[in-house]
Amino acid sequence: MLDPDSLRAFVAVAELEHFVRAADRLGIAQSVVSKRLKRLEDQIGTRLIERGKRNKVALTRSGELFLPEARNGIAALDRTEWLGRQFGRGAAGPIRIGYVFSAIMSSVLPDLIRLLRRCLPEIEVQPVSFETPEQISAVHEGKIDIGIIRPRPTYPEGVFARTIHEEGVVVALAPDHPLARLPALRAHDIAAHRIIVPQFHEEVGLIDIIRGIAKTAGSPLPPIQRTSDFITAAGLAASGVGIAIAPKSLARLDLQNLLFRDIVDHEARLALVLIVRTDIPPAIGEALSWLPTAD
């Protein structure tokens, strides 16, 4: 295998046409330059430099042909070394991001990807959609680097969480639903109808908002139909199966046969939380520090 130091010595001598000046550029003794050049010539089996008087040198034909290859080899080695350092800092290579659906509708995920690509141009962003509990486990186990989830009361040791987005909620319903004739809804209007909950196995988060609506209305918890995600919930609401409580950003879907109504007597907000391991690579942590925190 060719020695990188020998390649550098050859390129310096070839470009400066002088052993002393080449030694000065490299910060080594002239004798070291000569030894490295000789070692390179021995390795490839041909003379690269014609030695002249007073250290004046010229390239042989082989040297002229070999020079661009030597330059390319050094550049490749330099980039390989640089990338290795960047990999260690988290400034290059893949960044795996988990997210819940609302992270797209609220622009949180696109904004995060844009920020990471601006701060870390050598990275490859790999987003994947899955639910909050699985994301927490995946971040904790190092299977993904970043998660965008619904908040939880506690997180595993070694996982850092920060709220990065909050928004109000709306009621999604079909145009022929009895509540569609009302320009805005109150808690007692909602509590009398079946509510589609797009968090299938969740007992915190959106279900807490529905409990709060029932409390404001002074009513028992309304009938609940659970589903896996907001898109399915929106589709069921549009078909008239029930009504869905959803983040306001869901209205951006502009789905046919789906209306949205505000709740005027119950203030509720849904948050998105960014989670990472506390030992996240420094370059990623530095980039994420530019991400605004929700007020």
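Everything numeric here is computed off the predicted structure, so don't read it as measured data.

Basis of the calculations
- Residues numbered from 1 in each chain as written.
- Predicted model: local features only at pLDDT ≥ 70, side-chain atom pairs only at ≥ 80, totals over all residues.
- Heavy atoms only, no water.
- Helix = DSSP H or I, 4+ residues; strand = E, 2+ residues; numbered from the N terminus.
- Buried < 20%, exposed > 50% of the residue type's maximum accessible area, 1.4 Å probe, protein only.
- Contact = heavy atoms within 4.5 Å.
- Salt bridge = Lys/Arg side-chain N within 4 Å of Asp/Glu carboxyl O.
- Pairing = 2+ DSSP bridges.
- Expected span 1.5 Å × (residues − 1).
- Arc of directions from axis to C-beta.
- Axes fitted to C-alpha atoms, helices over the stretch in contact; angles between N-to-C directions.
- Parallel < 35°, antiparallel > 145°, perpendicular 65-115°, else oblique.
- Nonpolar A, V, L, I, M, F, W, Y, C, P; charged D, E, K, R; others polar.
- Core = buried A, V, L, I, M, F, W, Y, C linked by side-chain atoms within 4.5 Å.

### Notes on the overall build of the protein chain
- Across its full length, the protein chain carries 11 helices and 11 strands.
- Taken along its principal axes, the extent of the C-alpha atoms in the protein chain is 100 × 40 × 30 Å.
- Within the protein chain, buried positions represent 44% of all 295 residues.
- When contacts within the protein chain are restricted to residue pairs at least 6 apart in sequence, those whose partners lie at least 24 apart make up 72%.

### Some points on the pattern of salt bridges
- One pass over the structure, following the stated rule, counts 13 salt bridges.
- Here Arg8 makes a salt bridge to Asp78, at a shortest N to O gap of 2.6 Å. Of this pair, Arg8 sits in helix 1 (residues 4–16) while Asp78 sits in helix 4 (residues 61–89), placing them 70 residues apart in sequence.
- In this structure, Arg79 engages Glu122 in a salt bridge whose closest nitrogen and oxygen atoms are separated by 3.2 Å. A residue pair is termed long-range when its members are at least 10 positions apart, and Arg79 in helix 4 and Glu122 in strand 4 (residues 122–129) qualify at 43 residues.

### Some remarks on unusual backbone geometry
- Residues other than glycine seldom take positive phi values, yet Ser107 does so here, at roughly 70 degrees.
- Although it is not a glycine, Asn257 sits at a positive phi angle of roughly 65 degrees.
- Relative to the elements of secondary structure, Asn257 occurs in the loop between strand 9 (243–247) and strand 10 (259–261).

### Re the pairing of strand 5 (residues 146–149)
- Here strand 5 shows a buried face lined by Ile146 and Ile148 and a second buried face lined by Gly147 and Ile149.
- Inspection of the sheet shows strand 5 paired to strand 11 (residues 269–277) by 4 bridges, in the antiparallel sense. Note that in strand 11 the partner of Ile149 across the bridge is Val273.

### Some words on helix 3 (residues 30–44)
- A rise of 1.5 Å per residue sets the reference length of helix 3, with its 15 residues, at 21 Å; its end C-alpha atoms lie 22 Å apart and thus fit the reference within 8%.
- Within the span of helix 3, buried status applies to Val33, Arg36, Leu37, Leu40 and Glu41. For helix 3, the angular spread of the buried residues around the axis is 135 degrees, confining them to a single face. Turned more than 90 degrees away from the buried face of helix 3, the exposed residues are Lys35 and Asp42.
- Following helix 3 by one or two positions, Gly45 adopts a phi angle in the positive range, close to 80 degrees.

### With respect to the packing of helix 2 (residues 19–26) against helix 3
- Two elements in contact, helix 2 and helix 3, have axes whose closest approach is 8 Å; the angle formed by their N-to-C orientations is 100 degrees. Looking at the two axes, helix 2 sits roughly perpendicular to helix 3. Contacts between helix 2 and helix 3 involve Phe19, Val20, Ala23 and Leu26 from the first element and Gln30, Val33, Ser34 and Leu37 from the second.
- Taken together, the residues of the contact of helix 2 with helix 3 sort by class into 6 nonpolar, 2 polar and no charged.

### Points about the side chain of Ser249
- Topologically, Ser249 is positioned in the loop between strand 9 and strand 10.
- Judged by relative accessible area, Ser249 falls into the buried class, the value being 5%.
- Leaving out residues up to four positions away in the same chain, Ser249 has contacts with Met105, Ser106 and Glu167.

### Digging into the nonpolar core
- Counting 31 residues, the largest nonpolar core has Val171, Ile190, Ile209 and Ile245 as the members making the most contacts within it.
- Only strand 6 (159–173), helix 8 (187–190), strand 7 (195–197), helix 9 (206–217), helix 10 (230–238) and strand 9 provide two or more residues apiece to this core.
- By residue number, the principal contributor to this core is helix 9, which donates 5 residues.

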